[in-house]
Amino acid sequence: MANTLFDKVWDSHVVRHVQDGPDVFFIDRHFIHEVTSPVAFLGLESRGNSVVYPARTFATADHNTPTINQHLPVADPLSANQLDALENNAAKHGISHWGLGDENNGIVHVVGPENGITLPGATIVCGDSHTSTHGAFGAIAFGIGTSEVEMVLSTQCIMQPKPMKMRINVTGALGLGVTAKDVALYIIAKQTTSGATGYFVEYAGDVFEDMSMEGRMTVCNLSIEMGARGGMIAPDEKTYEYIKGRAQTPKGAAWDKAMKYWETLYTEEDAAFDVEFTYDAADIEPMITYGTNPGMGMGVTKSIPTAESLEGGVETYRKSLGYMSFNEGDSMIGKEIDFIFLGSCTNGRIEDFRGFCSIVKGRQKASNVTAWLVPGSHKVVAQIKEEGLDKIITDAGFVLREPGCSACLAMNDDKVPSGKLSVSTSNRNFEGRQGPGSRTLLASPLVAAASAIQGVVTDPRTLLV
Amino acid sequence: MAYDKFQVLTSTAYPLPTENVDTDQIIPARFLKATERIDFDVNFFRDWRYNQDGSPKPEFPLNKEIYAGSKILVGGRNFGSGSSREHAAWSVYDFGLRCVISSAFADIFKNNCLNVGVLPVQVSVAFADTLFAAIMADPKTEITVDLPNQRVTLVVTGVSESFVINTYKKDNMLNGFDDIDYLKNIENEITAFAKTRPF
């Protein structure tokens, strides 16, 4: 039987299949951070277990870290305690740890690929739902719970039923001002926030083939937002070019051997998917969300749909618009905003900062807008400086902060105040996600940049011509 | 972490028909700073249960005295979407709930529930609607969740529906076992497998 990319990687990691149960699934790479790992280590120790393969686990602090003055002690005692727990657990069990200030530190889904830990054909898990990011390299990567973090630490396996298979093709070429983020938000709007539940997605077609690795990471990152466990893209020359020579990428003979394997990682022509969708790139414009889940998105020039025009519960829909203080039929363009947030594991990479700068260059931030620009890692910061983007940012009235998850989930002090409206390049517009009472519009770095300049929701294409 | 065995549960239920309830609502991120698993019930649905000044919102079902002590929550479609935080499942358990019934669950939340001793029961949209209507008509309506027979029943009318759970997970829930017990028992097999991995 012809196999899909997903089948090839999944099946080669099954230690055994439990009859009428899950697969015992082997994990090649395991990322941990300070929020979802401490209880796993407590469980491990209370059972008297040890970390069986410490070299397969990588710790980085990101969720609960300040994005200013990282050289100073962390002021919040609870956050400091969590960061200490991560450092101590890593040291005790021989796990590499990139704490605050380490040159390799940053958001887990940014630093994994940067350091060559993320490889095609690997299985990668982390106690974070956006682990799906790593699927951009042809890996099977997905988020797990803390019980499973403990399983991986103590056995290097988890127990998972094999998901069903979905392929999403986007064909054609993207228009001016349309980015990977817009492609993802478009797909999620089509699928709804739960449409891909139970599936693992393969993205295929010209649009993904033409996309940079950064763009592919953005797309795979957002797979979870339509309910999919993960998403992946077959590795190609761009993938190999990205990973070659990175710190932990195989070298020499090991590279050649790995390449032989990686070149087998594609979906065969007659392979079957449980479900398949095809979209036309020409239909995608810069996107924006208007509600309280990522499936509530539309082209930035469109008006908010009426409840009756949508599937699903009218009450839930109206509750959502009520939270946002929006009305059915409202246009998003021209709505006054208070904040913009550029960053997160979705859009905190160099390409996102380049895109942002392409719009703000030579312009000035609107006075009504507070802007948080948070690079995904120290390596991204270094590249921003190397390319001179920091000067463009400063000249336009913006400030660059230090790396971390920041206002994406607002565990640290980067909280959008109650009632305030933020155009955010992150991944979730849930109620209170960016701080209690905060209101989030998800969009691309270009939409965030254009809106920051104009002070209102703006179609970036009006500033690109 | 050990949890109580789950066999047959009969209880009243909290109704929460809102769809797409995400784990940021179940437990907001600002309450994830603990390094131990203690008292996650306190901030369960924090921003839906309480105003920003800390006063309770009386209209929210989890605050209604009439449902107090229920061990079942009947939730809207796509319950538990978003973040993988197991803290959400812990808060369900710590609040005293042993079962969540919905017409659809998000994958990671469902998995987390099974790992911490909360039984996710997926029913048809029609059956979920029947349960909501019965609870609205009589808040003291009891529901029986029978794990050995994989059946959920509205006690007053006897109307029932079967639900799916794989034999392995069912045995775990019935006996209070977890996956680590299983995995540790096949450690040699895993060790041999690990040696075959290229990286």
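Anyway, here's the lowdown on the structure attached to this text. The residue numbering used here restarts from 1 in each chain and proceeds along that chain's sequence as written. Here chains are named by letter from A upward and ligands by number from 1 upward, in the order in which they appear as written. It should be noted that, the model being predicted, local features are given only for residues of pLDDT at least 70 and side-chain atom pairs only at 80 or more, the latter also being counted only at that level, while totals for whole chains, interfaces and linings use all residues.

Before going further, it helps to examine the overall build of chain B. Regarding its fold elements, chain B presents eight helices and eight strands. A globule of 199 residues ought to have a C-alpha radius of gyration of about 16 Å, and chain B, at 18 Å, matches this closely. Taken over the C-alpha atoms alone, chain B extends approximately 60 × 45 × 25 Å along its principal axes. Residue burial here comes from a neighbour count, namely the number of other C-beta atoms, placed from the backbone, that lie within 10 Å of the residue's own C-beta, with 20 or more meaning buried, 12 or fewer meaning exposed, and in between meaning partly exposed. When each of the 199 residues of chain B is scored for burial, the buried share is 45%. Note on contacts: each residue gets a C-beta atom placed from the backbone, and two residues are in contact if those atoms are within 7 Å. When contacts within chain B are restricted to residue pairs at least 6 apart in sequence, those whose partners lie at least 24 apart make up 68%. Counting from the N terminus, the helices are DSSP H or I runs at least four residues long and the strands are E runs at least two residues long. Radius of gyration here is computed from C-alpha atoms only, and the compact-globule reference equals 2.2 Å multiplied by the residue count raised to the power 0.38.

A few words now on the interface of chain B and chain A. By a frequent convention, interface size equals the accessible area lost on bringing the separate parts together. Facing 51 residues of chain B, the contacting portion of chain A comprises 67 residues. For the side of chain B that touches chain A, the elements supplying multiple residues, two or more each, are α1 (23-26), α4 (107-116), α6 (167-175), α7 (179-185) and α8 (187-194) of chain B. If you tally residues by element for the side of chain B that touches chain A, the top one is α4 of chain B, at six residues. We call Asp, Glu, Lys and Arg charged. Ala, Val, Leu, Ile, Met, Phe, Trp, Tyr, Cys and Pro are nonpolar, and the rest, Gly among them, are polar. Each residue belonging to the side of chain B that touches chain A can be placed in one class, and the counts come to 18 nonpolar, 16 polar and 17 charged.

A word on the environment of Gln-454 of chain A. With respect to the element layout, Gln-454 of chain A can be found in helix α16 (residues 445-454). For Gln-454 of chain A and His-33 of chain A, which are 421 residues apart along the polypeptide, the C-alpha to C-alpha distance reads 37 Å.

The subject of this paragraph is the nonpolar core. Nonpolar core, as used here: buried Ala, Val, Leu, Ile, Met, Phe, Trp, Tyr and Cys residues forming one set through C-beta atoms within 7 Å. Formed by 145 residues in total, the largest nonpolar core has its most connected members in Ile-340 and Val-360 of chain A. Discounting residues that sit within four places of it in the chain, Val-360 of chain A has contacts with Ile-392, Ala-396, Phe-398, Ala-449, Ala-452 and Ile-453 of chain A.

All names here are of chain B. In short, DSSP must find at least two bridges between two strands for them to pair. Strand order in this open sheet of four strands is β2-β3-β4-β5, and the pairing throughout is parallel. Two strands close off the open sheet at either side, each with one partner strand: β2 (13-16) and β5 (119-122). Shown here is a sheet whose adjacent strand axes are inclined to one another by a mean of 20 degrees, direction ignored. Strand direction decides the pairing type here: β2 and strand β3 (residues 72-75), joined by four bridges, are parallel. Looking at the pairing, Pro-15 lines up with Val-74 of β3. Working convention: axes come from line fits to C-alpha atoms, limited for helices to the stretch in contact. Angles between N-to-C directions cover 0 to 180 degrees.

A few words on unusual backbone geometry. All names here are of chain A. Positive phi outside glycine occurs at Gln-156, with the angle close to 65 degrees. Relative to the assigned elements, Gln-156 resides in the loop between α5 (146-155) and β8 (157-160). On the basis of neighbour count, Gln-156 is assigned to the buried category, with 25 C-beta atoms found within 10 Å. For Thr-192, which is not glycine, the phi torsion reads 70 degrees and is therefore positive. For Thr-192, a count of 20 C-beta atoms within 10 Å translates into the label buried.

What follows is about the sheet that holds strand β17 (residues 421-424) of chain A. Residues and elements named next belong to chain A. Spatially, β16-β15-β17-β18 is the arrangement adopted by the four strands of the open sheet, whose pairing is parallel. Two strands in the sheet have a free side with no partner beyond their single neighbour: β16 (370-373) and β18 (439-442). Between one strand axis and the next, the sheet turns by 20 degrees as a mean value, whatever way the strands run.

That's the geometry; what it means functionally is another story.
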